[in-house]
Amino acid sequence: MNKVLLQTYVEEKLKNRINVNELGLDFEDFNKNEGFFLYDYQINALKNAVTFLKAYFDSDASDIYDFYRKHISREDKNILSIKSGNTSFELLREYFKVDEDKIKFYNFTNRACFWMATGSGKTPIIVKLIEFLYELMKKSLIPTKKVLIVAPDDKLISQIKEHVEIFNRSTSRASRIYLKNLKEYEKNAFSGLNPLTPDSLTVYYTRATLISEENKENLFDFKDYIEKEGWYLILDEAHKGDQESSKRKHYLNILAKNGFLFNFSATFTDLIDQVTTVFNFNLSEFIKAGYGKNIKVLDEEFRNFKARNKMEEKDNLTDDEKKKIILKSLIVFAGIKKQYEKLGIFSKKNKVELMYHNPLMITISNEINTKNADMKLYFEYLSEIAKKPVSSEILNSIKGDIIKNLDNNYDYIIGDEVLSWNFKNIIAGITYEEILKYVFNSRSSGDIEVNEIGNNNDELSFRLKTSLDSKPFALIKASNVKLWKKNILKNYLFNDDVVIEKSRFSSIHENENGINILMGSRQFIEGWNSNRPNIINFINMGTDELNTKLILQAIGRGVRIEPFKNNRRRIHKTKKFVDFNYEVREKLLETTNILETLFIFSTNKQVIKNIIEGINKEKNNWKNIKGIRKSSIRKTLYVPVYKELQYNPKTFKISNKDYDRVSNYINRTSKKLLLVRDNFKLGTVDNIQRKVRIEGYDGKSLDKTEKQLINIIENHYNQKGRALKGFRKEEKIDIQHYSKLRYNLNTNSELSKQELIDLEKGIKKVLSGLDNKYSKEQLGIVQALKALGKEEALKNEAMLLVAEDKNINVDEIFHEVSLQDLETKYNVKLKNISSHYYNPIILSDDNNKYQHIIKDKSEIIFLDKLEEYLAQNRIENYEWWYFSRIDESTDNIYIPYYDTDRQCYRKFFPDFIFWLKKENKYYIKFIDPKGLSRETNPKDKIVGFREIFDLTKMKIVNDHVKVELLYFNDEHYEDPLLNKYTFYEIERLFKD
């Protein structure tokens, strides 16, 4: 099952139903005065959220319920429901409907989750989301409710406050966000939209740990904060954890009842969070999109660095082996620093302005202050390496091990890129002197001395006595780390840090900071940002939930990259990269590859791989289907281009009762209040009074206030119609889906792997015509052998003799895949129609395993009938013809139309487009097999089509263009308009 369902629903079902670009929201600007704009993935996350939010409150949510029902397995539905044995069942039954002794999952679908990698920038999205809630409430597009942010600790709350301050400093918008502690909550106070201060949005905030079932000092009883209409809840890493936290989740679900819940996290583990993820940009997606360093988990391990029990003691590493592991990480780090130095020289020589980071190595362990802590052992061996030169023999042996392990293993753990082969040469060239230079900031070996920073009990820095510039090379940050002075650093010289007054860690992100090794535990994982990490050493980190989160957060902190100012993609993914000449590009790729890699050493490399790969376990493992071939089309295919009108020519339909209410409201309210307090445009007010493009009808009144109705009318006036601009040559952006045909490879299923292998074999066979290699007589024998099965067939001597006599290789037929096998075994059909835009065409009604193939039954019937017709008829009345399927989720060929039900402009994506040429006539025919599912909507599409194409005399170069729209359907309709545009016999398609 595809675990990330809501994103699929939004992007495939809602994308063309709701155009968020018409809502008047600025998705890019955070604070343009200070050059703070959102990245494209942040914009896409917000667009998905706004799309779903509007759809959810526009309807009764039945569409999303149906989608979930269809795509969630029975087993997962059971997991998602709260059953009577659950500890929270009694609590929840007071607020939610009990059905069949359980509270079903559908009670909790008023939510949208953002699965965002650590470091991807969740906080700006949260702040912009608050702005959009305000704007949408103000326009009456969503209900007015109070807004509450819930975060796990004060660090994240402070981070949100800082971003709100940046947002509020912008002079490009009038609105301001005001944060208010939940302690100041008043039941009847305005929060969210306040008519007295229309340009302000008050948002409450609290720590998750303070929400309880009782009122105590510093604790809130959630029941005192229940709002009849519910809250807009925004959770930032606040919806998971221990048993008490799990209980707290349900308090939040109760507060969100009748409202809406947004959940942000880097590490979703609960199925409900994954299913309701509206935008997935977790660590894997973040890196695949180029927004971070690639990750290379090296084979070298800190295994048995310290025995934890008697069983491990016999396998415990010797002192020399432990030093060897540390040396490996130091060699790799020295190689990275050396590349950084080379890049600086190259960029200066070629006048390339780069912003690359000064590399940093991080070492993390669970134990810091205990007598025999892992970090103590690590530090002691580090001291020995710094103090006593390593022989070239030992160094060469260690480098040889690294290089040997790299051979045939240059793959990163995420994505398709690979580590540069030049990395081996870099490692091979590292000397002990370079380790001293690049790691220890020294030219010669020597003793380590310790620097203390005033009253700072959480930091100690270290330098070599032989360091010429007295620069510390390492820093440890951990709670009460000065305990090291007593039990670990007894024999070390201590000095006062005369350079730094408060903290070296606070400037660790700066390139000028000379620290090369940062040691610690979980204290520095949250609340700091840096591009610098290139190596992370995890020592004795286990796989429990806390360590899993810690490891992912540490890696998330380590993957950040910024080759150019404010550009956080790997250099070859940036727009600037293409501006350099070929030689500069090649050199940059070679040099920056290492800097754009996060190397990981761990106690057990498989533990780290499992954790990182685990983020993909609960989402589809989509693999591109290989072998699809774009047809060689030497004719010019044209597609329509539209222009935006500066007005909306359509009439707004409103019940007479509602119009009277609106008219009376305007008449009894001064224009000043309407403009200033209610934020309506003067033109809107005047047009409503004069009933411009407004048509009344006798019908029920809507459940909307007068202000909401005026906002709806104003939005209608603000919509812009479309008209035909002309035709242009078809480009890559128009038909893209064939390059994105994908199969959901379930990594736990050998059967699904075999299906993909067989499918790709079948594709090769279709394109090469191999499926026709047997004669009719041979085919009968082949089918008889296959019916027996390989084992029985090889025992049947009579059948083997017949096969041999007819030149049939029996072994071969049991290894090849026929098209009949694909259809019987996997429910997949392949069609090779020479005039199609690409081949083969893949058809299957299995909706879960494929993306962008043809799944709809009506489309499959149409193609079957077309193929049958072509087998019996030659198309001779045209010089040439081609056609293509259109996929509304990826392609850019559509017809604009006005949806009279929703009273808004939408895009109609017919399922197929045909191009036909005859003499000086050029035909474009749109065919839609499934467009007659509702009567009103197809008629709206016909009207939209006629408004665009029927009244225009169109030409392309010297050809007269005729554009047609046809619905493929075998039913007869009473409506003559529908019958005029409906056909079922393929012959009609090829008529002039």
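Residues numbered from 1 in each chain as written. Predicted model: local features only at pLDDT ≥ 70, side-chain atom pairs only at ≥ 80, totals over all residues. Heavy atoms only, no water.

Looking only at helices and strands, one finds 33 helices and 42 strands in the protein chain. Of all 992 residues assigned to the protein chain, the portion counted as buried reaches 55%. At a minimum sequence separation of 6, the contacts of the protein chain that also span at least 24 residues come to 76%. A total accessible area of about 45900 Å² is found for the protein chain, and carbon and sulfur atoms account for 46% of it. (Helix = DSSP H or I, 4+ residues; strand = E, 2+ residues; numbered from the N terminus. Buried < 20%, exposed > 50% of the residue type's maximum accessible area, 1.4 Å probe, protein only. Contact = heavy atoms within 4.5 Å. Areas by Shrake-Rupley, 256 points an atom, 1.4 Å probe, with all protein chains shown as cover.)

Let us look at the confidence of the model for the protein chain. Taken as a whole, the protein chain shows an average pLDDT of 85; of its residues, 89% reach a score of 70 or greater. Under a pLDDT of 50 for its full length, residues 240-244 has, in the predicted model, six contacts with residues more than four places off or in other chains. (pLDDT = per-residue confidence, 0-100.)

Within the open sheet, the three strands sit side by side as β24-β30-β34. Their pairing is antiparallel. Each having just a single partner strand, β24 (622-624) and β34 (850-851) make up the two edges of the open sheet. Relative to β34, strand β30 (residues 742-744) runs antiparallel, the two sharing two bridges. Looking across to β34, one finds that R742 is bridged to Q851. (Pairing = 2+ DSSP bridges.)

Look at helix α1 (residues 5-14) against helix α2 (residues 40-58): their axes get within 10 Å of each other, and the N-to-C directions meet at 80 degrees. The orientation of α1 relative to α2 falls into the category roughly perpendicular. Facing L6, Q7, Y9, V10, E11 and L14 of α1, the residues of α2 in contact are N48, T51, F52 and A55. Looking at side-chain class alone, the contact of α1 with α2 contains six nonpolar, three polar and one charged residues. (Axes fitted to C-alpha atoms, helices over the stretch in contact; angles between N-to-C directions. Parallel < 35°, antiparallel > 145°, perpendicular 65-115°, else oblique. Nonpolar A, V, L, I, M, F, W, Y, C, P; charged D, E, K, R; others polar.)

Moving on to the pairing of strand β13 (residues 260-265). Here is the key point about a regular strand: its side chains alternate between the two faces of the sheet. Taking burial as the measure, the six residues of β13 include six buried ones, the bulk of the element. Residues F260, F262 and F264 of β13 are buried on one face, and the alternating residues L261, N263 and S265, pointing to the opposite face, are buried as well. Where strand β5 (residues 111-116) lies against β13, five bridges are found, and the strand directions are parallel. If you follow R111 over to β13, its bridge partner there is L261. Judged from the five bridges that link them, strand β12 (residues 231-236) and β13 form a sheet pairing that is parallel.

Right, let's get into the packing of aromatic side chains. When we look at a pair of aromatic rings, we describe it by the centre distance and by the angle of the planes. Per the stated rule, a full pass over the model turns up 66 aromatic pairs. Across from the ring centre of F96, 5.5 Å away, lies the NZ or CZ of K257, which sits over that ring. Over the ring of Y894 we find K907, and its NZ or CZ is 4.7 Å from the ring centre. (Phe/Tyr/Trp six-rings, centres within 6.5 Å; stacked < 30°, edge-to-face > 60°. Lys NZ or Arg CZ within 6 Å of the ring centre and 35° of its normal.)

In contact at an axis separation of 10 Å, helix α21 (residues 656-668) and helix α23 (residues 682-689) are set at 125 degrees when each is read in the N-to-C sense. Classed by the angle they form, the pair α21 and α23 counts as oblique. Considering how the two elements wind past one another, α21 and α23 form a crossing that is left-handed. Every residue of α23 that contacts α21 at Y659, V662, I666 and N667 is listed here: V685, I688 and Q689. (Left-handed = near helix turned anticlockwise from the far one by under 90°.)

Counting buried residues in β5 gives six out of six residues, a clear majority hidden from the surface. When β5 meets strand β14 (residues 277-281), the two strands line up parallel, connected through four bridges. By the bridge assignment, F114 is partnered in β14 with F279.

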